[in-house]
Amino acid sequence: MSIGRVTTSQLWTSSATNVQASKARLSQLSDQASTGLLVTKPSDDPAASAAILKVLSQQSANTQYKTNIDDGIGWLSSADSTMTTAENLTRQAKDLVIQAANSGTSSATSRQALATQLEGVRDDLLGAANTQYNGRSIFAGTSDSPAAFDAAYAYQGPERTTANPDGTTTTTAVGSVQRRIGSGPGDVVTVSADGRAAFGTGDDSVFAQISAVIAALRDPGYDTDTPDATTGVTPKDAITAGIDRLGAALTNISAQHAIVGANYARMTGAKAQNATTATALETQRSGLQDADTTKTLLDLKTQELAYQTALQVTAQVIQPTLMSFLR
Amino acid sequence: MSTFSGLGTAASGLTAARLALEVTGQNVANANTEGYTRQRVTQSPMAQTALATYATQSSVGDGVLVTGVARLNDAVVDARVRSTAATASYWSASANALGTVETALNEPSTSGLSSVLNKFWGAWQSMANAVGTKSAEGAASNLIAQGQLVASSVSAGYTAASTSWSDARSAAGLTVTAINDAAGQVADLNKSIRALTAAGSNVNSLLDQRDTAVTKLAQLTGATTRPNADGTVDVTVGGNLLVSGVTTRKVELTGDAAFSTTSTTPVALQWADTKTPVSLDGGELAARIAALQPANADGTGGVYAEAAKTYDAIASSIATAVNTASATGYTSKGQPAGDFFSFTSPAGSPALNLTVKAASAADIAVAGKDLGNSDGTVADAISQLGSAPDSPDAQWAGYVSRIGSQSATATARASTSQTAAAAATDAQTSASGVDLDEETSNLVIYQHAYQASARVISTINDILDTLINMGAR
């Protein structure tokens, strides 16, 4: 605005410019109010848009971690209940063997009955060890084998044999099923149970131990205390030895159960943490991207008033010229 | 003093008042005409004629003399309008180009490329979870679909950038035509003005037209003007004469009209006669040509080409990262895994040719070496590629924030320079615009001046009548 001469056209042009600017601001505020977003394009706030992209990506990852955690909890609760079953069955087998070692072996018929009972327990235990979750064997690690143990009780999961300094070798199961619960390298939780460590494999397996007791109970040389042709152990000694072996097997299963329990607890903790993170991230995103509703509405109302005033003033100012007053 | 001299004086007043009323009429008629400069009759008292030298008494003068019709403009303000218009159009065109690209990014949102990438990485994690289970095929189909979505998103982004480039190229061509037209118009007007000025005619309306055309040239090219003695103006662009008196030099666009080959022959402006480059001093065309430039190493090239380059870079880096990680893995059937992504044509743009090669779960790398077929460590490792410092996600986020700040800067500068341009136009309107109040009061003044002159004549008439009829009673 110049000092001095003010012309009619200047008045019109500047009124139009001012009304236009007021209208543009009104449109911007009404956009913010209707979308609820303060930042709808990068230039609205370049620094905030980079942060928003980061938060959106973290939100997306966090949602995925929630899926992973839920899936992991499914695996772990399945493993947990199966381990409880396996412990009970092993304990039951051990009780039966103790019974066999003590009193219940007076006749061939009662021995046969005990053997049949033990067979049932063994088969149940093998069934438990071959439990599947969503089509995958939970004790077979990362193997795609449908069962963790085959008919000869051999472990089917991937194994690795390492040489010890004393010349012997140690074979362990490798490849556990893991679920990612966060972005860090350590943010993975094992959701499978190590079937090889829990149940053993082949002749060392808990199943083979039970089978050995069953064979001893059915041994025709039981009454005469004749040593078995292959093992060179008398049936009674074999049964007594079975008590200790099943006791050791129970310890192994319980040890693995404890690991599953610890992982389960970690997973449940992760689920709670995940929900907290989700809330925190949403708060962060909202703080960066969302418009403050109260402030936006207040601004909108103020701007509406300013716009109406601009229109009113323009209407009043541009109408009269000197012509209106010269009659 | 002659008996009748009073009549001549009053008659000159009548003529001057009538002419002034005509000029007022012209001003009122053009109150809303763009580029019209108000005019005013300039008049001076008529000196005593030579005959009066022999008069015995001193004379009051012989009436009024209309010396001309002045065009009330301010050359300094006019120059300021031109230079601010050049700056304002430069930044406005820059902000428009950046705005086009920025809007096409569709960020930050839950449907832009960053979100597509997030979903893609998530699908790898679901794949890691599902391997060996009954959901494996479903997870694999989802992963392949997400991979295809990544491919189609970068391809759509690249296509949008290349379409915008072509549109901007056509628009630049139209701008060049407008420049040549305006230059031709200035030269034609120069010719008319020179001829009419020599003949002593009023050229005010032609000057208005020429000023409008020159302002248009300044807006488009940042041109500056220099007045000549014969009433013509010269228009200079980048130190060279675009209009010299009544002659013009034409400018033309060079460079390929196809986006795919623009990096080898960039778009540039040159003189049509000598084929030497024109260096623009700003203005709309400078911004348009800058936006059409090919991409360069430090990311300051043309906005469209930089966008396309980013999509290409993302397509290449995502394919390389995923394929390299895939190569270390094995499928759920225990076979070494092949590439997940491939390019339909290795020579063309990576963004346009990116495609998913894996067709089913059997082609997807999930397991590590000797870890069992249902292992998911490699799929999990791939799912983490997105959070690496040089990941496609990081490249994209960096680009989005760069475009955002460029666009915000350009918009802010456009707004500032428009304010300056508006202030200059305001000052111009203040100096040369028509004020109806002023014209109305002039109307009254000149009307009364006319009436008063007429009354003088009528009074002298009465006096003479008295004198003539003195002895006839």
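Residues numbered from 1 in each chain as written. Chains lettered and ligands numbered in written order. Predicted model: local features only at pLDDT ≥ 70, side-chain atom pairs only at ≥ 80, totals over all residues.

Per an unreviewed UniProt entry, chain B is named Flagellar hook-associated protein 1, and its organism is Amnibacterium soli. A UniProt comment under Sequence similarities (unreviewed entry) is attached to chain B, and it reads "Belongs to the flagella basal body rod proteins family." (UniProt positions renumbered as here; feature names shortened; annotations may be inferred.)

As annotated in an unreviewed UniProt entry, chain A is Flagellar hook-associated protein FlgL from Amnibacterium soli. UniProt lists a comment for chain A under the heading Sequence similarities (unreviewed entry), and it reads "Belongs to the bacterial flagellin family." The UniProt entry for chain A carries the following comment under Subcellular location (unreviewed entry): "Bacterial flagellum".

Student: What's the story with the overall build of chain B in this structure? I'm lost.
Tutor: Check the secondary structure of chain B and you find eleven helices and ten strands. Here chain B has a C-alpha radius of gyration of 38 Å; the compact-globule value for 473 residues is 23 Å, and the former is much larger. With 473 residues in all, chain B has 47% of them scored as buried. Within chain B, contacts between residues at least 6 apart in sequence are counted, and of these 69% link residues at least 24 apart. (Helix = DSSP H or I, 4+ residues; strand = E, 2+ residues; numbered from the N terminus. Rg over C-alpha atoms; globule rule 2.2 N^0.38 Å. Buried ≥ 20, exposed ≤ 12 C-beta atoms within 10 Å, placed from the backbone. Contact = placed C-beta atoms within 7 Å.)

Student: Got a minute to help me understand the UniProt feature "domain: Flagellar basal-body/hook protein C-terminal" (unreviewed entry) in chain B in this structure?
Tutor: Mapped onto this structure's residue numbering, the UniProt feature "domain: Flagellar basal-body/hook protein C-terminal" (unreviewed entry) falls at residues 430–470 of chain B. When the span residues 430–470 of chain B is considered, its composition is 88% helix and 0% strand, and the gap between its end C-alpha atoms is 58 Å.

Student: What am I meant to see in the domain arrangement of chain B here?
Tutor: Accessible area lost during the coming together of the parts is what is often quoted as the interface size. Residue and element names in this part refer to chain B. In terms of domains, chain B is made up of domain 1 (3–72 + 433–472) and domain 2 (78–432). Spacing between the C-alpha centres of domain 1 and domain 2 amounts to 64 Å. On the domain 2 side, the residues contacting the nine residues of domain 1 number ten residues. A breakdown of the residues in the side of domain 1 that touches domain 2 according to their chemical character gives three nonpolar, four polar and two charged. (Domains from an automatic or database assignment. Nonpolar A, V, L, I, M, F, W, Y, C, P; charged D, E, K, R; others polar.)

Student: Just to check I follow, could you spell out the confidence of the model for chain B for this structure?
Tutor: When pLDDT is low, close inspection of the predicted coordinates is not appropriate. Residue-level pLDDT values for chain B average 90, and 97% of them are 70 or greater. In the predicted complex, the global pTM is 0.85; the interface-specific ipTM is 0.85. (pLDDT = per-residue confidence, 0-100.)

Student: Whenever I open this one, the interface of chain B and chain A confuses me. Can you help?
Tutor: Counting from both sides, the interface comprises 54 residues of chain B and, opposite them, 47 residues of chain A. Listing elements by their share of the side of chain B that touches chain A, those giving two or more residues are helix 2 (75–105), helix 3 (113–130), helix 10 (392–432) and helix 11 (436–468) of chain B. A per-class count over the side of chain B that touches chain A returns 15 nonpolar, 28 polar and eleven charged.

Student: Help me understand the environment of B:Thr459, please; the structure alone is not making it clear to me.
Tutor: Here B:Thr459 shows up in helix 11. In this structure the C-alpha to C-alpha distance between B:Thr459 and B:Leu7, which are 452 residues apart in sequence, comes to 9.7 Å.

Student: How should the domain arrangement of chain A be read in this particular structure?
Tutor: Domain boundaries in chain A define domain 1 (52–285) and domain 2 (293–327). One C-alpha centre belongs to domain 1 of chain A, the other to domain 2 of chain A; they are set 81 Å apart.

Student: For this particular structure, what's the right way to read the environment of B:Ala128?
Tutor: Residue and element names in this part refer to chain B. For Ala 128, the location among the structural elements is in helix 3. Along the primary structure Ala 128 and Gly 376 are separated by 248 residues, whereas in three dimensions their C-alpha atoms are 4.3 Å apart. Sequence-distant contacts of Ala 128, that is, excluding residues within four places in its chain, are made with Val 366, Gly 376, Ala 379, Asp 380 and Ser 383.

Student: Teacher, can you tell me more about the nonpolar core here?
Tutor: Judged by nonpolar contacts, the single largest core of 120 residues is most densely connected at B:Met127, B:Val186, B:Leu217, B:Tyr304 and B:Ile364. Ranked by size, the runner-up nonpolar core spans 52 residues in total, among them A:Ala173, A:Val206, A:Ile210 and A:Leu217. (Core = buried A, V, L, I, M, F, W, Y, C linked by C-beta atoms within 7 Å.)

Student: Is there a simple way to think about unusual backbone geometry in this case?
Tutor: What you tend to see is this: most non-glycine residues have negative phi, and most peptide bonds are trans. Along the chain, B:Glu107 connects to B:Pro108 via a cis peptide bond; the corresponding omega equals -10 degrees. Here B:Pro108 is to be found in the loop between helix 2 and helix 3. Phi angles above zero are rare outside glycine, and A:Asp225 is one such case at about 60 degrees. Note that A:Asp225 resides in the loop between helix 5 (206–217) and helix 6 (235–289). Positive phi values are uncommon outside glycine, yet B:Lys275 reaches one of about 60 degrees. Assignment of secondary structure puts B:Lys275 in the loop between strand 8 (268–271) and helix 6 (283–291).

Student: Would you mind going over the sheet that holds strand 5 (residues 240–244) of chain B with me for this structure?
Tutor: Within a sheet, neighbouring strands are paired by backbone hydrogen bonds and run either parallel or antiparallel to one another. Residue and element names in this part refer to chain B. The sheet built from four strands is open, its strands ordered 3-4-5-6 with antiparallel pairing. A strand with exactly one partner marks an edge of an open sheet, and here the two such strands are strand 3 (224–227) and strand 6 (247–248). Note: strand 5 against strand 6, two bridges, orientation antiparallel. Of the residues in strand 6, the one forming a bridge with Ser 244 is Thr 247. (Pairing = 2+ DSSP bridges.)

Student: Honestly, the UniProt feature "domain: Flagellar basal body rod protein N-terminal" (unreviewed entry) in chain B in this entry has me stumped. Any pointers?
Tutor: UniProt's entry tags residues 9–37 of chain B with the feature "domain: Flagellar basal body rod protein N-terminal" (unreviewed entry), counted in the numbering of this structure. Between the C-alpha atoms that bound residues 9–37 of chain B there is a distance of 31 Å. The span itself is 72% helix and 0% strand.

Student: Sorry, what's going on with the packing of helix 5 of chain A against helix 6 of chain A here?
Tutor: A packed helix pair is summarised by two numbers, namely the angle formed by the two axes and the spacing between the axes. Residue and element names in this part refer to chain A. The geometry of helix 5 relative to helix 6 is characterised by a closest axis approach of 9 Å and an angle of 160 degrees between their N-to-C directions. In terms of orientation, helix 5 lies roughly antiparallel with respect to helix 6. As for how helix 5 packs across helix 6, the hand of that crossing is left-handed. Where helix 5 approaches helix 6, its residues Val 206, Gln 209, Ala 212, Val 213, Ala 216 and Leu 217 are matched on the opposing element by Pro 235, Ala 238, Ile 239, Gly 242, Arg 245, Leu 246 and Ala 249. A per-class count over the contact of helix 5 with helix 6 returns ten nonpolar, two polar and one charged. (Axes fitted to C-alpha atoms, helices over the stretch in contact; angles between N-to-C directions. Parallel < 35°, antiparallel > 145°, perpendicular 65-115°, else oblique. Left-handed = near helix turned anticlockwise from the far one by under 90°.)

Student: Explain helix 3 (residues 108–129) of chain A to me, please; I cannot follow it from the model alone.
Tutor: An α-helical turn contains 3.6 residues, so any two residues separated by three or four positions project in the same direction. Residues and elements named next belong to chain A. An ideal rise of 1.5 Å per residue puts 32 Å on 22 residues; helix 3 measures up with 31 Å between its terminal C-alpha atoms. Taken as a whole, helix 3 has its buried residues at Arg 111, Leu 114, Leu 118, Val 121, Arg 122, Leu 125, Leu 126, Ala 128 and Ala 129. Along the long axis of helix 3, the arc covered by the buried residues comes to 150 degrees, so they all point the same way. Residues of helix 3 that are exposed and angled more than 90 degrees away from the buried face: Thr 109 and Gln 112. Where helix 3 is buried, its residues touch helix 2 (46–102), helix 4 (195–199) and helix 5. (Expected span 1.5 Å × (residues − 1). Arc of directions from axis to C-beta.)

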